[in-house]
Amino acid sequence: MIEFKEVEIKYNDFTAVKSLNLQIGEGEFFTLLGPSGCGKTTTLRSLVGFINPSRGAIYVNGKDITHLPVEKRDISMVFQSYALFPTLNVYENIAFGLKVKKMPKEQIDAEVRAIAQKVDLKSEQLLKKVSELSGGQQQRVAIARALVLKPSMLVLDEPLSNLDASLRVQLRNELKSLQKKFGITTIYVTHDQEEALTLSDRIAVFNHGVVEQVGTPYEIYNQS
Ligand code: ADP
Ligand code: ADP
């Protein structure tokens, strides 16, 4: 379980997130929803470890991770802009984190091929440069690269917003079934209400750095 307790996050004098309290359950698909600039990404960055809260604490399974380095948090992140290595091919992009971990070559190969299949990347696409792929394929690579590390948490920041509408719906459905299949705790950021309603087990609605509502899509929809 992930727990934010009275978390406050500042950029200099500006408070981007105010006394945040959240509990996210094991295996849950949890979405941070709200308009641009309301503090969703900032919250996500504090969980991943890119930024330190000025007050409060973040716990994972009861352990205080507030000041733990990024690489010790067992969290994989997928960005809106994919953040892939454009000059490397798909295989090398997916394999990157496993190489850093010094996994044996044969095992890397098996893991890369298995995950590529799960996210619907064909084996001939593995040899393509990332820059030769469509946006949807690039996002599949980004998701594969995150999942291949078998993290206990997956964090996605507006991962579909650079895609056109029909692809967004398709990948949304794929992402949902992938998350169910892996049962991985997922924290998802979006400003798209429909996306949040379709994907989430629960949603936290942000506004100006404050969580105004937390609930299932049904609860959120019927209260607003
Ligand atoms: P969201 O993800 O909901 O769009 P953010 O968490 O990115 O919002 O930003 C929350 C607020 O913090 C915004 O007002 C934004 O301008 C401000 N902010 C974000 N990053 C920085 C930064 N590096 N320095 C100063 N202010 C920032
Ligand atoms: P070795 O060098 O011992 O033959 P590799 O791990 O390099 O072992 O290759 C095993 C298989 O992994 C290859 O047949 C190839 O299909 C795949 N492979 C390895 N590296 C890449 C890469 N950079 N791009 C695409 N496929 C790769």
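Everything below is about the structure printed above this text.
Procedures and definitions
Note on numbering: residues in each chain are counted from 1, in written sequence order. In the order they appear in the text, chains get letters beginning with A and ligands get numbers beginning with 1. Per-residue local features are limited, in this predicted model, to residues with pLDDT of at least 70; the limit for side-chain atom pairs, both in listing and counting, is 80 or more; totals at the level of whole chains, interfaces and linings are taken over all residues. As a convention, hydrogens and water are excluded, and side-chain values are obtained from all of the structure's heavy atoms. We define proximity as follows: a residue is near a molecule or strand when any one of its heavy atoms falls within 4 Å of that partner. Here a polar contact is taken to be a pair of N or O atoms separated by no more than 3.5 Å, where protein atoms must pair a possible hydrogen donor with a possible acceptor and residues adjacent in sequence count only if both atoms sit in side chains. Per-residue and other accessible areas were derived by the Shrake-Rupley procedure at a 1.4 Å probe size, with only the shown protein chains allowed to occlude residues. Only DSSP runs of H or I covering at least 4 residues are called helices, and only runs of E covering at least 2 are called strands; the numbering of each starts at the N terminus. In this count, Pro and Cys sit with the nonpolar residues alongside Ala, Val, Leu, Ile, Met, Phe, Trp and Tyr, while Asp, Glu, Lys and Arg are called charged and the others, Gly among them, polar. The buried label goes to any residue with under 20% of its type's maximum accessible area, the exposed label to any with over 50%, and the partly exposed label to all in between, with areas taken from a 1.4 Å probe on protein chains only. Here, strands pair whenever DSSP counts at least two bridges between them. Axes here mean lines fitted to C-alpha atoms, for a helix over just the part in contact, with angles spanning 0 to 180 degrees between N-to-C directions. Contacts are assigned to residue pairs with any non-hydrogen atoms lying within 4.5 Å of each other. Salt bridges are identified by distance alone: a Lys or Arg side-chain nitrogen within 4 Å of an Asp or Glu carboxyl oxygen.

Time to look at the site of ligand 2. In the vicinity of ligand 2, the contacting residues are Asn89, Tyr91, Glu92, Lys105, Asp109, Arg113 and Leu127. Lys105 places a polar side-chain atom, nitrogen or oxygen, 3.0 Å from an oxygen atom of ligand 2. Summarising the interface, the protein chains cover 49% of the accessible area of ligand 2, which totals 540 Å² for the free molecule. Contributions of two or more residues to the shell around ligand 2 are made by helix H2 (90–100) and helix H3 (105–118). The element best represented in the shell around ligand 2 is H3, accounting for 3 residues. In terms of residue class, the shell around ligand 2 is made up of 2 nonpolar, 1 polar and 4 charged.

Here the focus is unusual backbone geometry. Here the phi dihedral of Asn61 falls at roughly 50 degrees; this positive angle occurs in a residue that is not glycine. Phi is positive for Lys102, close to 60 degrees, though the residue is something other than glycine. Relative to the helices and strands, Lys102 resides in the loop between H2 and H3. Taking the relative accessible area as the measure of exposure, Lys102 reaches 71% and is therefore exposed.

Let us look at the sheet that holds strand E3 (residues 29–33). Overall, mixed pairing links the 6 strands, which are arranged E6-E7-E8-E3-E9-E10 in an open sheet. Taken across any chain shown, the strands that pair with only one partner, and hence form the sheet edges, are strand E6 (75–78) and strand E10 (210–215). Each strand axis lies, on average, 15 degrees off the axis of its neighbour in the sheet, ignoring direction. As paired elements, E3 and strand E8 (residues 185–190) share 5 bridges and run parallel to each other. Its bridge partner being in E8, Thr31 is matched across the sheet by Tyr188.

Strands sit in the order E2-E1-E4-E5 across an open sheet of 4 strands; the sheet is antiparallel. Whereas interior strands pair on both sides, the edge strands pair on one side only; in this sheet they are strand E2 (14–24) and strand E5 (63–64). In this sheet, E2 lies alongside strand E1 (residues 2–11) in antiparallel orientation, the contact comprising 7 bridges. Bridge pairing in E2 places Ile2 opposite Ile24. The sheet contacts of helix H1 (residues 40–48) involve E1, E2 and strand E4 (55–60), and relative to E1 the element is tilted by about 115 degrees.

You can see Asn89 is positioned in the loop between E6 and H2. The buried category is assigned to Asn89, whose relative accessible area is 12%. Here the side chain of Asn89 touches Glu92 through a polar contact of 2.7 Å, landing on its backbone nitrogen. When sequence neighbours within four positions are dropped, the list of residues in contact with Asn89 reads Leu126, Leu127, Lys128 and Lys129.

Turning our eyes to something else, we now look at the pattern of salt bridges. Enumeration according to the criterion identifies 6 salt bridges in this entry. Here Glu28 and Arg202 are joined by a salt bridge, their closest N and O atoms 2.5 Å apart. Of this pair, Glu28 sits in the loop between E2 and E3 while Arg202 is found in strand E9 (residues 202–207), placing the two residues 174 residues apart along the sequence. Assessed through its relative accessible area of 11%, Glu28 is described here as buried. Measuring nitrogen to oxygen at the nearest pair gives 3.4 Å for the salt bridge that ties Glu194 to Arg172. Of the two residues, Glu194 sits in helix H6 (residues 193–199) while Arg172 sits in helix H5 (residues 165–182), which places them 22 residues apart along the sequence.

Everything listed here is a matter of geometry and, on its own, says nothing about what the molecule does.
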